[in-house]
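What follows is the residue order along each chain.
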Amino acid sequence: MKEIITIYEPDNSLKKGYLSIFSQIFIELKQNRWLTYQLFKRDFLSTYKQSFFGVMWAIILPLVSIGIFIVLNRSGILNIGDIGAPYSIYALLGMAFWQFFSTGLVACSNSLVNAGPMILKINFSKKSLVIAAAAKAIVPFIIQIMMVGVLFVGYGMAPNIMSLLIPIFVIPLILFTIGLGFFASLLNGVMRDIGNIISIFLTFMMFLTPVLYGKPRIGVLATLTKYNPLYYLVSVPRNLVLKGVILEWEGFLIVCLISVILFLGCLYAFHLTETRVAERI
Amino acid sequence: MHSILLKQELLSESEMDNETVINVEHVSKKYCKSLKKSMYYGAMDIGRNMLGLSSKSERLRNSEFWALNDISFEVKKGETLGIIGPNGSGKTTLLKLLNGIYWPDKGRITIKGGVGGLIELGAGFHPLLSGKENIYINAAILGMKKNEVDEKLDSILEFADIGDFINSPVRYYSSGMFVRLGFSIVVHSEPDIFLFDEVLAVGDIQFQTKCFRKLTDFKEMGKTIIIVTHDMQNIQKHTERVILLNRGSMCLLDTPKNATNKYLELMSGLHKVINTSDTGFTENTSEELLVNSKKQNKIGFGEDQCAERNNYNKNEFRYGSGSVQIVDFELLDDQRREISSVKSMDVVIFRTKVRFYRTVKKPIFGLIIKTKDGIELYGKNTLLDEANIKSHQEGSEVFVEYRINFNLQPGDYFLSAGIVEETSDGLLPLDRRHDLVHISVTPTDRSFGIVNMNTSMEVYNVVKE
């Protein structure tokens, strides 16, 4: 008889060995593609169903931030620095990448908590929940990128041909976001403080990362930027669009490696503990 | 520890060759009473698991307790198992463990085949999305594939029977529609093992009938079913074996009839007795365990003539405070002659003699007639009758006479009699004697069913005008 035998016991995964866990994880992810898509659809449809502006909110927020920066710049309070491109394009493009990270991370960290009642009633792959939450960030990202396209037309400029490589160059950003997302969703499931910590962290990081201003050359911020993985994840694809070159190869490669390790490590940790979290939610 | 594990592995592998589909071995599950501590423990466990260390779940930490303790049982393919128990006895936790929503902290659960849980119908429905959208999403969560859902969509809609509303947001559904849709999706996910948690109690009569018909279908298809319910009638009707849980421990695994009797006794919660019954669960020394009917003399049931009577059922099931007692009974026909069996449609006078060992202001007398499978056919008491029974003094004796029209088909029936006191805190059982009298009904006419409706028939020609 071809029937699946499932065994539940404490520390189930630990007894099976590390490598087989990874193959298990990927089989599970593959089997649950449709589930992930359905969960994404559920989230996406429900977010915008009872809203007048709907998905347009994806544009409104970055435009407001950019507007404030323009005002600060014109008043001479803030020095945006040398960016070598029209500021609005530079800023909106940066915001697109940044917001993918920030909305993705927030959505992931809340994914288990929001689905709490469902998790307590039905047994399904919680990884799909987190991935679906991250996928939610893709829609505003695409809209923002389209908006950038409009701006290019408005300025009578053309983006560099290398822009076509963007889908490849955002992969590290995606892995970084989902990796942290797995971790944050677990912790948030147990301690709700994590949600607050993340929103404070994101506000700080947005100002500390050269998203809306150019790379600082001197001072503390210059040092911080050098060791800020998010800087590379945002600025490398942006430079690709604006200039068609990659300026900081070494940094970017290191950050890529960090992203992959972070993703795999957090996915692994999530797999080992997802059921444990269910009972604490 | 390791050798034990190995042994269990061998054991379960050999057992799984048979028809066993669920094997629960010494399973325990702990919960934490304090939210803050739970948070802290959760973070620690997760930390340990991430580092690849065991979470040492078999130990209790401060303010943790065992919600389920050392549960072991097996379920064979095609069997229907009931789980009953008072609130907080761990029934839902056990279902969640079987469904894999929680992990056991000790022991091991082995399951062959897919499990479908009806722990809450419509769990995961999004109120803003339409019924149809929710079908796809819910089906995906329940583990169905896209083509499966496409194929079964019509059948799901038909069973749910919600008509045009299928394209409206489920927020606008009546609770009945909501539940019907949820049930329909789960039913169509066609798992090998069904877990029902009280869900059969919702919805209107029509829906309930539909549910039970489906349940019967599943049984015929050879699916394994586990039902958690408080409804003793359903347990009697639908299950083959029943687990009685109390405070996280397994009191009993027995026939539905025995288990429900024990449950009723447990619910009366009056006796603190140590049980050494013949069911084999001698380890349970929980204070509130049950009275064994053979030891009842010790808790103050006095001289009892009932046992001398011909129709006395020695497997009766008795509980109550004992301050008022049924000390004797008689079965009489309408000429007041003593009888031991009754003909279908006859009138039977069931007379009990009741002795008051203390003054009772508001006594209630009642009777229940059950089939031999424990299904209640009829019940009546003086409270329902609004017959205000006067207060009775300590030391007084009364006869309580029930005049019963025995409109039942031939077969074996049980009469239960009881006395309850109405107090400001509710009803206090004084002496309840379930299945006290065994009575056989002999045939008068030839008909079938449970009741004798005494139908006359006539066949005559249609007269053309």
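The structure this text deals with has already been given above.
First things first, this report covers the structure right here in the doc. (Residues numbered from 1 in each chain as written. Chains lettered and ligands numbered in written order. Predicted model: local features only at pLDDT ≥ 70, side-chain atom pairs only at ≥ 80, totals over all residues.)

For chain A, the count of helices and strands is 13 helices and 1 strand. In sequence order, chain A lays out its α and β elements as β-α-α-α-α-α-α-α-α-α-α-α-α-α. Taken over C-alpha atoms, the radius of gyration comes to 20 Å for chain A, in line with the 19 Å a tight globule of 281 residues would show. Each principal axis of the C-alpha atoms in chain A carries an extent, and together these give about 70 × 45 × 35 Å. For chain A, with 281 residues in total, the buried portion stands at 43%. (Helix = DSSP H or I, 4+ residues; strand = E, 2+ residues; numbered from the N terminus. Rg over C-alpha atoms; globule rule 2.2 N^0.38 Å. Buried ≥ 20, exposed ≤ 12 C-beta atoms within 10 Å, placed from the backbone.)

What follows deals with the overall build of chain B. Helix and strand content of chain B: 9 helices and 18 strands. Out of the 465 residues in chain B, the part that is buried amounts to 41%. Of all intrachain contacts in chain B linking residues separated by at least 6 positions in sequence, the fraction that spans at least 24 positions is 72%. (Contact = placed C-beta atoms within 7 Å.)

Here we come to helix α6 (residues 126–135) of chain A. Burial runs high along α6 of chain A: 10 of the 10 residues are buried. What α6 of chain A keeps buried is the set Lys126, Lys127, Ser128, Leu129, Val130, Ile131, Ala132, Ala133, Ala134 and Ala135 of chain A.

Here we come to the environment of glycine 143 of chain B. Topologically, glycine 143 of chain B is positioned in the loop between α4 (131–141) and α5 (146–160). For the pair glycine 143 of chain B and arginine 61 of chain B, spaced 82 residues apart in sequence, the C-alpha to C-alpha distance is 36 Å.

Backbone geometry at aspartate 161 of chain B places phi at a positive 55°, although glycine is not the residue there. Mapping aspartate 161 of chain B onto the fold places it in the loop between α5 and α6 (175–188).

A word on the sheet that holds strand β16 (residues 397–405) of chain B. Residues and elements named next belong to chain B. In space, the 3 strands of this open sheet follow the order β11-β13-β16, with antiparallel pairing throughout. At either margin of the open sheet sits one strand with a lone partner, and together these are β11 (324–332) and β16. The average angle at which neighbouring strand axes cross in this sheet is 20°, direction not considered. Where strand β13 (residues 347–356) lies against β16, 9 bridges are found, and the strand directions are antiparallel. Note that in β16 the partner of threonine 352 across the bridge is valine 400. (Pairing = 2+ DSSP bridges. Axes fitted to C-alpha atoms, helices over the stretch in contact; angles between N-to-C directions.)

What follows is about the interface of chain A and chain B. Taken together, the contacts link 39 residues of chain A with 47 residues of chain B. Elements with a contribution of two residues or more to the side of chain A that touches chain B: β1 (5–8), α2 (33–49), α5 (116–121), α9 (171–190) and α13 (249–278) of chain A. Considered class by class, the residues forming the side of chain A that touches chain B number 21 nonpolar, 8 polar and 10 charged. Across 4 bridges, β1 of chain A lies against strand β4 (residues 106–112) of chain B in antiparallel orientation. In the sheet register, isoleucine 7 of chain A faces β4 of chain B, and the bridge partner there is threonine 110 of chain B. (Nonpolar A, V, L, I, M, F, W, Y, C, P; charged D, E, K, R; others polar.)

Here we come to the packing of helix α3 (residues 57–74) of chain A against helix α4 (residues 87–114) of chain A. All names here are of chain A. In contact at an axis separation of 10 Å, α3 and α4 are set at 135° when each is read in the N-to-C sense. Relative to α4, the element α3 is oriented oblique. Relative to α4, the crossing made by α3 is right-handed. Contacts between α3 and α4 involve Pro62, Ser65, Ile66, Phe69 and Ile70 on the former and, on the latter, Tyr87, Ser88, Ala91, Leu92, Met95 and Gln99. A class-by-class count of the residues in the contact of α3 with α4 yields 8 nonpolar, 3 polar and no charged. (Parallel < 35°, antiparallel > 145°, perpendicular 65-115°, else oblique. Left-handed = near helix turned anticlockwise from the far one by under 90°.)

Two measures define how a pair of helices packs: the angle their axes make with one another and the distance between the axes. Residues and elements named next belong to chain A. The N-to-C vectors of α4 and α9 enclose an angle of 30°; their axes lie 7 Å apart at closest approach. One way to sum up the angle between α4 and α9 is to call them roughly parallel. In the crossing of α4 with α9, the sense of the turn from one axis to the other is right-handed. Every residue of α9 that contacts α4 at Phe97, Phe100, Phe101, Gly104, Leu105, Cys108, Ser109, Asn110, Ser111, Leu112 and Val113 is listed here: Leu173, Thr177, Ile178, Leu180, Gly181, Ala184, Ser185, Asn188 and Gly189.

With that settled, the discussion passes to the pairing of strand β14 (residues 363–371) of chain B. All names here are of chain B. In terms of strand pairing, β14 meets strand β17 (residues 411–423) through 9 bridges, oriented antiparallel. Bridged to phenylalanine 365 within β17 is isoleucine 419. Both β14 and strand β15 (residues 376–381) contribute to a ladder of 5 bridges, which runs antiparallel. Paired with leucine 367 across the strands is lysine 380, a residue of β15. Between the antiparallel neighbours β14 and β15 lie 4 residues, among them glycine 374 with a positive phi of about 90°.

Ranked by size, the top nonpolar core spans 146 residues in total, and within it Ala134, Ile178 and Cys266 of chain A together with Leu98, Leu195, Ile226 and Leu244 of chain B carry the most contacts. Per element, the largest residue contribution to this core is 15 residues, and it comes from α4 of chain A. Apart from the residues lying within four places of it in its own chain, the contact partners of leucine 195 of chain B are Leu95, Leu98, Asn99, Val115, Gly116, Gly117, Leu118, Ile119 and Ile226 of chain B. In this structure, Phe329, Leu331, Ile364 and Ile439 of chain B belong to the second largest nonpolar core, which totals 26 residues. (Core = buried A, V, L, I, M, F, W, Y, C linked by C-beta atoms within 7 Å.)

So, on to the sheet that holds strand β1 (residues 20–32) of chain B. Strand pairing in a sheet relies on backbone hydrogen bonds, with the paired strands running either antiparallel or parallel. With respect to topology, 4 strands assemble into an open sheet ordered β1(A)-β4(B)-β1(B)-β2(B), the strand pairing being antiparallel. Because the sheet does not close on itself, it has two edges, and the strands there are β1 of chain A together with β2 (64–76) of chain B. Within this sheet the neighbouring strands show an average axis-to-axis angle of 20°, counted without direction.

Let us now look at the environment of glycine 156 of chain A. All names here are of chain A. Within the element layout of this structure, glycine 156 appears in the loop between α7 (138–154) and α8 (166–169). Judged by the 6 C-beta atoms lying within 10 Å of it, glycine 156 falls in the exposed class. Measuring from C-alpha to C-alpha, the distance between glycine 156 and isoleucine 171 comes to 29 Å, with 15 residues separating the pair along the chain.

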